[in-house]
Structures are given as structure tokens and as C-alpha cells.
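# Coordinate analysis (summary)
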Amino acid sequence: MSADAWWKNGIVYQIYPRSFQDSDGDGIGDLQGIQRRLDYLVELGVDAVWISPIYPSPMADFGYDISDYCNVDPRFGTLEDFDSLAAECKARGLKLVLDFVPNHTSDRHPWFVQSRASRNNTKRDWYLWQDPAPGGGPPNNWLSNFGGPAWTFDEASGQYYCHSFLKEQPDLNWRSPEVRKAMYDVLRFWLRRGVDGFRVDVLYHLIKDVEFRDNPQNPSFQAGQDPSHQLLPLYTTDRPEMQDIIVEMRRVVDEFSDEASARVLIGELYLPLERLMAYYGRTSDGLLQGVQLPFNFQLITAPWHAAEIDRIVRNYEAALPHGAAPNWVLGNHDKPRIASRVGQERARLAAMLLLTLRGTPTLYYGDEIGLTDVPIPPDEVQDPFEKNEPGKGLGRDPQRTPMQWSGAHAAGFTDGTPWLRLGGDWSMRNVEAQQGDPASMLQLYKKLIALRRNEHALHEGSHEQLEAGADVLAYARSAGTRRLVVLLNFATSETPVAAELLPADTVVLASTHADRTGAVKGELVLQPLEGVIVAQ
Ligand code: GLC
Ligand code: MG
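The sections below set out a description of the structure shown in this document. (Residues numbered from 1 in each chain as written. Chains lettered and ligands numbered in written order. Predicted model: local features only at pLDDT ≥ 70, side-chain atom pairs only at ≥ 80, totals over all residues. Heavy atoms only, no water.)

## Things to note about the coordination of the magnesium ion (ligand 2)
Put simply, the rule reads: A donor here means any N, O or S atom no more than 2.8 Å from the metal (3.2 Å for Na, K and Ca); water is not included, so a site may seem to lack partners. Three labels apply to residues, based on accessible area from a 1.4 Å probe with only protein chains included: buried if under 20% of the type maximum, exposed if over 50%, partly exposed otherwise in between.
Listed as protein donors to the magnesium ion (ligand 2) are Asp22 (OD), Asp24 (OD), Asp26 (OD), Ile28 (O) and Asp30 (OD); their distances from the metal cover 2.1 to 2.3 Å. Each donor residue of the magnesium ion (ligand 2) belongs to the same chain, and together they define the spacing D-x1-D-x1-D-x1-I-x1-D. Of the two residues examined, Asp22 and Asp30, each falls in the buried class.

This is the structure:
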């Protein structure tokens, strides 16, 4: 395995630390809890773990508001717990990826406390301060992604500060060389502690227009949509200056890459395809200089039809710059869960899709047991997005509920009371129950992950999209003389597969349907919503 192999050929597993495993009975997941579950992850077969923020935080946005970048929040544990977790990951050959939140700090971060203290404080320009508009009010029309204006007035110093998210999350000024240096030193702090990379939060937001121009109206905005989409984020995201920043960030992580293991940057980027591609970076000496894995979220937003996904896969493959590593994602802590978006049966097809496409898959904890969004009654809402924009279906609590481990108290997540309620199905839908059930989602995931690991064609082979009719998504993955064909039937009826698509003496290596195995005699007829992987 080359140094690059783990993030190119491996599988990433996202843990939302509040909800994975509690170890001290406070109802909030923590680092010791994660450590206790590492063997589960090894058994599942993933290669890397990405943990959402664990740093000291007032938790206005559950850790995405950081008040100290170089420590661990007491709710999650201590730096010693972190070191222990890192060592235990290493001992198991698991890579560890942390969340890096560069766009904003908490308003309680000492940097911001200083910055707001007075207009001539040395940290004033670490954040984005502007005078009120000539007639009073915010300096421009920019909107917060969590509702309301992106500007909050500071009475004491008479200026507004910019926040792309909550007012408790002031945006850093990435034009300041001091800010850049301080943030790169944060990366170094964790790289020295042994982390293998970072998922970079809202990377495309870091630089805002130097003239603070108004964003244009969004002509396709419709009532009922996320109110922040009223404007096009022309002057607030994906600014040209971002291209230099990704090169700098990459250089920092490269300082710590060696023959044995590369350190990786995974960028959170909700951008149109061609702009997403820009974050792989410019080429120098034949190598891309940007983010190794700009997150490809297209399967999260895609309408669930074979033709639609066929188009997405073709366009993505065609758009990738030379030497760029593809990646795919089905869900994360900000988006409705796949099992709720498409239903349990189609979620099995989705699993097969994710784990057989060319490119690094990222799994969201719990998707492997088919966790669904859990409706949260209004008086139990935790997410600030839901609190700011109630009843619009924007809240993210439903996809952040505790992992369901067993039929024991609180599904084995905590000895206490979980911070967010469990899914109503927890006594049936849990890891323990699914481990003993060959037809379970968990067993399907395990099987697909093992196949992906063992088959070069799947983890590093080429990709070729095939034509198999309107309802069947079909592609071949090949390495050397080995050629696997993946056939995913999106129809709710039986669908025969044309003989010329199948290798001679076709053998089914895996099916989403537990009852299908072995050699295919005669014509291959896909069952309703069945996916198969076949080879010779
Ligand atoms: C990212 C995170 C999200 C967070 C936001 C602000 O989108 O994934 O959870 O609320 O950034 O930090
Ligand atoms: Mg705890």
C-alpha cells in the first residue's frame, strides 16, 4: 500500500461524538466511549474515523463554535483521553481525522473577546468588523445561514461583526496573515499529536468580498425554502482568493506526510460541480496542490432515480481533473438520513452504490443499521437552526440521535438519559440484533465493505458506466483482468438484465437481497429494488 492508499482506497466513517457512545453516564457521547467502540469499527471494516468537533465550546452550535482550538471539551474528555484514543486507533490501523473549523470561532474565544474589546485592539482585524450602513443598520444585505442577517451590532464599539452562522459564531478574517498563521498552527498542534487529517468545515466560506458588496437576489427562490437562499452567495463564498488558501493549508498538512502515511484534507463544499473541482487545486510538478478530497455531496441531494444518478456519476467522472481522487457521501450530521430520504429497501441499494462507485466512501454513523431521522418534539429541540427557523424541516436533531447498540437501557448508548431521544425502533433496530441477522442492513454493509477491501477492482479499479435500461443503474469496475459488473434495479418490479451486459458464467458476489447467491443459471432477472455485484 502506498502512503496515499488509505484515503484513496479506504472507507471513512463519520462519528458525531455527542451521539456515538457515552462512557460516564451524563447522556452525552465522549472520547472514552468512542474508544470502547473501536473494535466495532474494525469489525465493520472501515479504514478511517472522522470525529465532528471535540474542542472546548459553549455548544451554541454543538461544538462548531470553538472557544479553544487546542484542547478537548470536558464533556468529551481530556487531552489524555484524546491521546489514548489516537494510540488505540493506531494500534488497530485506523486513521483518525478531526474536524477543523476555520471560518468562525465561538464569541467566547479569547481572540473574539479581545477583538470586540475596542476598535484599536490588536485583534480587532482578526474578525470582520464594519461600520453601520450610511443610514444606519447592517453594512450590507448578507444573510446568516441559520436565519436573519449575517451582522450583529456591538453597542460598545459601535460596529457590526459578520457571522455566516450564529451570532455566537463570529467569522474570522482570513485576509489577516496573523489569523492564517494562528489557524495553521492549530493544524500543526493536532498533526503533532498524530492525527491523519482534517475535515475542513465550510471551507468555501473563508474569504468574503473585500468591498463587502451586496449579494444578488436569487431569481429561483421559492417561498418555504431555507430563507438564507433568498440571495445568491456570490460575495460571501467561493471567492477567488480561496485558491491560495487551499494551497497554504495543503502545505501545512504535507509538512507531516511521509512515506508511510499521507495526511489528508477533506473539504466541506456545497458547490456546483465545476466549482467543486477547483478545490482539488492547481497542478504543480504534475501534482494537485489543493484539498485531496473535496466532499462530493451529490448523492445527498439527488432525486432517487436511476437516470438521475447515472447522469450524476457520468458528469462527476468526466469533470474530475487528471489525478484527482473521487469520493462519495450518502449522509452527514447536517442532512436527513438516507433511510428516511429513500426508505429502508432503497437504502440497501444506496449502500451498494456508495460502496461500489469509484472513490472514497464516507459513511455516517448509524446508516449501517438503517437508522432513520427521529422526530423531535418541539420542547426537546436542541439544534439552533430549528430554534431560529422553527417548523420548516431544517432542524438537524433528527439525524443526530444516539447510536443504537443493543436492547439494553438507552440502547446501550448511556447509563443515564440520552441528550437527544432515541429512535422509537431502538429495541429492534440495534447493532446487537443485526449482528445475528444475516438479512440485516449491518450484515449487508459488512459484506459490501469486505468485498470492497478484497477486490482491487472495487477499491482502485477503473469505472465504466453501462446502458441497462431506464430503471437499472449499471457500471463495471475493473482492475487487470478482473471485471465486476454492478446492477442496481431502481424499479419496484422484476427487471431482466440483457445477456450482453453479463460476463460468461456469471456469479453473484453480493446482492442487496439476502436470498440470492451463487451462479446465475440462464437469464438474470433482478428482483424489485435489488442490486447485485456480478463477476465471472
Ligand atoms: C458546517 C457543519 C455544521 C455547522 C456549520 C457551522 O456546515 O457541518 O454542522 O453547523 O458548518 O459551523
Ligand atoms: Mg459522556
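## A closer look at the sheet that holds strand S15 (residues 472–479)
The test is simple: Two strands form a pair only when DSSP identifies at least two bridges running between them. Numbering of helices and strands runs from the N terminus, with a helix taken as a DSSP run of H or I at least four residues long and a strand as a DSSP run of E at least two residues long. Whether two residues touch is decided by their heavy atoms; if any such pair falls within 4.5 Å, the residues are in contact. To obtain each axis, a line is fitted to C-alpha atoms, and for helices this fit is confined to the stretch in contact; angles are then taken between N-to-C directions over 0 to 180 degrees.
The 6 strands are arranged S14-S15-S16-S21-S18-S19 in an open sheet whose pairing can be described as antiparallel. Two strands lie at the open edges of the sheet, namely strand S14 (462–466) and strand S19 (518–519), each paired on one side alone. Inspection of the sheet shows strand S16 (residues 482–489) paired to strand S21 (residues 531–535) by 4 bridges, in the antiparallel sense. Paired with Leu487 across the bridge in S21 is Val532. Sitting on the sheet, helix H15 (residues 441–454) touches strand S18 (507–511) and S21, and the angle it makes with S18 is about 130°.

## What to know about the nonpolar core
The cut-off we apply is this: Residues belong to one nonpolar core when they are buried, are Ala, Val, Leu, Ile, Met, Phe, Trp, Tyr or Cys, and are joined through side-chain atoms within 4.5 Å.
The biggest cluster of nonpolar side chains holds 152 residues, and the ones touching the most others in it are Tyr13, Phe198 and Met249. When near neighbours in sequence (up to four residues on either side) are disregarded, Met249 contacts Phe100, Pro102, Trp174, Tyr184, Leu187, Val200, Leu203, Leu206 and Leu265. By size, the runner-up hydrophobic cluster in this structure holds 15 residues, among which are Leu466, Ala474, Ala476 and Val520.

## Here's the deal with the side chain of Asn218
Which entries qualify depends on this criterion: What qualifies as a polar contact is a pair of N or O atoms within 3.5 Å, subject to a donor-acceptor requirement within protein and to the restriction that residues adjacent in sequence count only when both atoms come from side chains.
Mapped onto the fold, Asn218 is located in the loop between strand S7 (197–200) and helix H7 (242–254). A residue is classified by how much of its surface remains accessible, and Asn218, at 15% relative accessible area, is buried. From its side chain, Asn218 meets the backbone oxygen of His229 in a polar contact 2.9 Å long. In contact with Asn218, not counting residues within four places along its chain, are His229, Gln230, Leu231 and Leu232.

## A few points about the pairing of strand S8 (residues 264–267)
Spelled out, the test is: With its strands directed away from the observer, a crossover is right-handed exactly when the path from the first strand over the helix to the second travels clockwise.
Neither face of S8 is left uncovered, since the one carrying Val264 and Ile266 and the one carrying Leu265 and Gly267 both have all their residues buried. Sheet topology places S7 next to S8; 4 bridges connect them, and they run parallel. From the neighbouring strand, Val200 faces S8, where its bridge partner is Gly267. Remark: the S7/H7/S8 crossover connection has right-handed handedness. With 2 bridges connecting them, S8 and strand S11 (residues 293–294) associate as parallel partners. In the sheet register, Gly267 faces S11, and the bridge partner there is Pro294.

## Structural notes on the sheet that holds S7
Spatial ordering of the open sheet is given by S11-S8-S7-S3-S2-S1-S13-S12, a layout of 8 strands whose pairing is parallel. In the strand order of this sheet, the two ends are held by S11 and strand S12 (327–329), each with one partner.

## Observations regarding unusual backbone geometry
Positive phi, normally seen in glycine, also occurs at Phe62, with a value near 50°. Of note in the backbone geometry, Ala411 takes a positive phi value of approximately 60° without being a glycine. In this structure, Ala411 sits in the loop between helix H13 (384–388) and helix H14 (431–435).

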